[in-house]
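Analysis of the macromolecular model
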Amino acid sequence: MTNNVIEITGLYKDYDTPAGVFPVLKDVNLTIEAGDYVAIMGPSGSGKSTFMNILGCLDRPTKGEYKLNNQSVKSLNNNQLAALRNRTIGFVFQGFNLLARSSLVDNVALPLVYAKDQKELRTKIAKNILERMGLGQYFESRPNQISGGQQQRVAIARALVNQPRIILADEPTGNLDSKTSDEIMKIFDELNQIGNTIIIVTHENAIADHARRQIRFLDGKIVEDHRNKKELEKA
Amino acid sequence: MFFSMLSEAWHAMGANRLRTFLTMLGMVIGVGAVVLMMAIGEGAQQSIKRSIDSMGSNLFVILSGSSSTSGSRSASGNSSALNMNDATAIGDLDDIGAFAPISVGNAQIIYAGNNSNTPIVGTTPSYFSIRRWDVESGELFSDADVRSANRVALVGKTVVENLFGDDIDPIGKTIRIKKSPFLIVGVLEGKGQSFDGRDQDDTIIVPITTAQRKLFGNQIPGSVRMIMAQAKSEKYMGVAEDGINDLIRQRHNIRENTESDFSVRNLTAMAKTASDTAKTMSMLLGAIASISLLVGGIGIMNIMLVSVTERTREIGIRMAIGAREKDILLQFLLEACVISIVGCVIGVGLGLGGALLVKKMVGAEILISMQSIVLAFSVAASIGVFFGYYPASKAAKLRPIEALRYQ
C-alpha cells in the first residue's frame, strides 16, 4: 500500500472522428499523493480536460492503467463507476452544471439521493453545507436566481456533500470574475488544508499558484511537472 | 428513494404543462373510450340477457304459413292453418312440457276518454307458466274463463300507464276492446323489452276463446295464429322440434317433398344468436377503443423520446454525481407511468361520466363493471411501462461524458 490516491501508467485516449482516429492523450504517467493540491495547466486542446474526465471516471481510457485508491478502474462496471463518482470523487465543472428546475437544497442533496440516504438526513446535510458556503438564505432559490459565484459555491457544496476525499475541478473559475475567483479558490485552499486531495484544471497562472504542484500538458503529454516555486521558497 | 423520484417525476411533468397535458390527453381519450365502450357493450349484453330470461326457456313457436320467403306466399302467421286441436296434439308429445295456443291482433282500446291501439294476445293460462309471467296485482284468468270465453283481461304496465295513469287502480275497471267491454282482473309484471326490441308490457292478454269469438271473429272457428311450446328440458330441444314438424305435417296431410304450411321456430336458438351478436358488437367496440389507447401510448413514447433528448445534459449531470443506469431508467420510466396513470384516472372518470350521459340522453342500458375499470387501469399502466421503457433505456445508456457535453 502506498499513499497514492491516483496512479496512472501508460494512459492513452483516442477519439474516433469522421476524419479518423485522433489521439488526445499519449502515454501519460502520473502519480498523485493523498492530500496534494495539483494544478493541471496547458493550452486548449492539450488534453487536460479529457485527462480530467478520465480521472473523474466520466470517461474511460483507450489504453493504460488508472488506479484510484489502489484499485484498477478498468475492471469496474458502470454501476461501480457511478458509485465512485458518487462517493469517492467530487467533481466541480466550469459551467456549474446545476439542475435549473431544482432548488439549491435539492441540487446539493442530489448525490445523497443516489447514495440512498433518507430524505430528512439529505435535507439536513445539504442545508448544513450550504450554510457553510454562506448561502443560508437561498435554500429554496433556483440556480438562475443567484450569481455565478454563488452558483459555483452550490456546485462545490454538491461535490462535497458525500464527503469525498478527492475533489476534481475543471476550470472552476473560468466563468467568474477575478474577485469571485479568489473567493472560490479560498474554498479549495481550505478544503485542501483539511486533508482533501484537490486537482484543478486551469489555464490561469494566478489560479495555478494556489496549488502546490503544477503539471503542464501539451499535445496530449505531460511536459512539465514541478512543485510550486512559492511553495519551495516557503520550505 | 422511490418517493423522491416520484415527486421529481411530478416536477418534471410540471415543467412543461401544456405538453404533459396533451400527452396525457391521448391516454385520457383512450381509457375513456375503453370504459365507455365497454359500459355500452356490456349494457347491451345485459339487456339482451334479461329479455331472453324474460322470454322463458326452451321455447318453440309454431307459426302458420311457410317459412319460405320465395314466391307470393303470404307472410308466416297470416294464414289460418293451425288450430286448437294442433295445439292439444303438440301438448301430447312426450318431449313437450307445456303449450299455449295464441291468437294475436291489434285493437283499439278505450277507457274513459283515453284510447290506444294495443297488441291483444288471446291465449290459455299455461302461457303464463311457459313465459314465467305473473300478475303484479289482481289475478290471472283461469281455464274456466277460457272454457266459457269470459270477457276478462290482463293488462301490461305500459297499457296501465297509457289508459289509467298513476292514480287509478285498473283492477275491477271495465275497458272497451273493439267496443266490447272487458273486465280487468290483473296487472302483469313488467317484462321490459324483448330481444327484438318490442315493449312486452304494451299488451293486453285475454282468454283465447274470447279473442277468437269476440275480437278476431272473422277467422275460421278454432284457428290460432301460433302455438307456443316448451320442451321438457334443453336436451329435448332437437327431438321436440322434429317431433312437432312430423306431427303437424301428418295432421295437415302434407306429402313428402312438399313444403309445410307452418313453420317451427326455435326461440332459444334465436335468442342465442341475438346474444352472440351483442357480444361481438361489444368486442368490436372494445377493440376500436383499444386502438385509441394504443395511439395514446405511442404519444407517450414520442414525448418521452423528445424529453430524453432535451434533458440529455441533465442526465449527464446526474450521472456525473453518481446516478447509476438503473436510477436514470427508473426516473424516466416513472415519468411515463405517472403520465399514463394520471391520464387513466381522468379517463376512467370521463368514461364513467360519458356512460351516464349516454344512459340519460339515449336511454341505452349501461353496465359499468369493476372488471372493465381494472382492465383499463392495468392496460394503461402497462402502456406506460411498455412505451416508456425504450426512451428510458435510451436515457440510461447515454455515456456520462457525452451527455454532459450535449448542447
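Computed from a predicted structure; not experimentally measured.

**Quick word on the overall build of chain B**
- A tally of regular secondary structure across chain B gives 13 helices and 10 strands.
- Here chain B has a C-alpha radius of gyration of 33 Å; the compact-globule value for 407 residues is 22 Å, and the former is much larger.
- Based on the C-alpha atoms only, the size of chain B along its principal axes is roughly 100 × 55 × 35 Å.
- Classification of the 407 residues of chain B by burial places 41% in the buried group.
- Counting only contacts in chain B whose residues sit at least 6 apart along the sequence, the fraction spanning at least 24 positions is 81%.

**Re the overall build of chain A**
- The helix and strand tally for chain A stands at 8 helices and 10 strands.
- Taken over the C-alpha trace, chain A has a radius of gyration of 18 Å; the compact-globule value for 235 residues is 18 Å, and the two agree within 12%.
- With the C-alpha coordinates of chain A rotated into their principal frame, the extents come out at 45 × 45 × 40 Å.
- Out of the 235 residues in chain A, the part that is buried amounts to 45%.
- Taking contacts inside chain A between residues at least 6 apart in sequence as the whole, the part at least 24 apart equals 69%.

**What to know about the sheet that holds strand β8 (residues 197–201) of chain A**
Residues and elements named next belong to chain A.
- Strand order in this open sheet of 6 strands is β6-β7-β8-β3-β9-β10, and the pairing throughout is mixed. A strand with exactly one partner marks an edge of an open sheet, and here the two such strands are β6 (89–92) and β10 (221–227). On average, adjacent strands in this sheet sit at an angle of 15° to one another, irrespective of strand direction.
- Pairing geometry for β6 and strand β7 (residues 166–170), over 4 bridges, is parallel. Looking at β7, one finds that valine 92 is bridged to alanine 169.
- Contacting β3 (37–41), β7 and β8, helix α6 (residues 178–193) runs over the sheet at an angle of about 150° to β8.

**A few points about the nonpolar core**
- Counting 122 residues, the largest nonpolar core has A:Ile40, A:Val108, A:Ile200 and B:Val31 as the members making the most contacts within it.
- With 15 residues, helix α2 (residues 17–55) of chain B is the largest single contributor of residues to this core.
- In this structure, A:Ile200 is in contact with A:Ala39, A:Ile40, A:Ala169, A:Pro172, A:Phe188, A:Ile207 and A:Ala211, ignoring residues within four places of it in sequence.
- With 54 residues, the next largest nonpolar core counts B:Leu82, B:Tyr127, B:Ile130 and B:Ile184 among its residues.

**Thoughts on the domain arrangement of chain B**
All names here are of chain B.
- Domain assignment breaks chain B into domain 1 (2–51 + 273–405) and domain 2 (80–260).
- Here the C-alpha centre of domain 2 lies 55 Å away from the C-alpha centre of domain 1.
- Broken down by element, the side of domain 1 that touches domain 2 gets its largest block of residues, 4 residues, from α2.
- When grouped by side-chain class, the residues that make up the side of domain 1 that touches domain 2 number 2 nonpolar, 2 polar and 1 charged.

Thresholds, definitions, all that
- Residues numbered from 1 in each chain as written.
- Chains lettered and ligands numbered in written order.
- Predicted model: local features only at pLDDT ≥ 70, side-chain atom pairs only at ≥ 80, totals over all residues.
- Helix = DSSP H or I, 4+ residues; strand = E, 2+ residues; numbered from the N terminus.
- Rg over C-alpha atoms; globule rule 2.2 N^0.38 Å.
- Buried ≥ 20, exposed ≤ 12 C-beta atoms within 10 Å, placed from the backbone.
- Contact = placed C-beta atoms within 7 Å.
- Pairing = 2+ DSSP bridges.
- Axes fitted to C-alpha atoms, helices over the stretch in contact; angles between N-to-C directions.
- Core = buried A, V, L, I, M, F, W, Y, C linked by C-beta atoms within 7 Å.
- Domains from an automatic or database assignment.
- Nonpolar A, V, L, I, M, F, W, Y, C, P; charged D, E, K, R; others polar.

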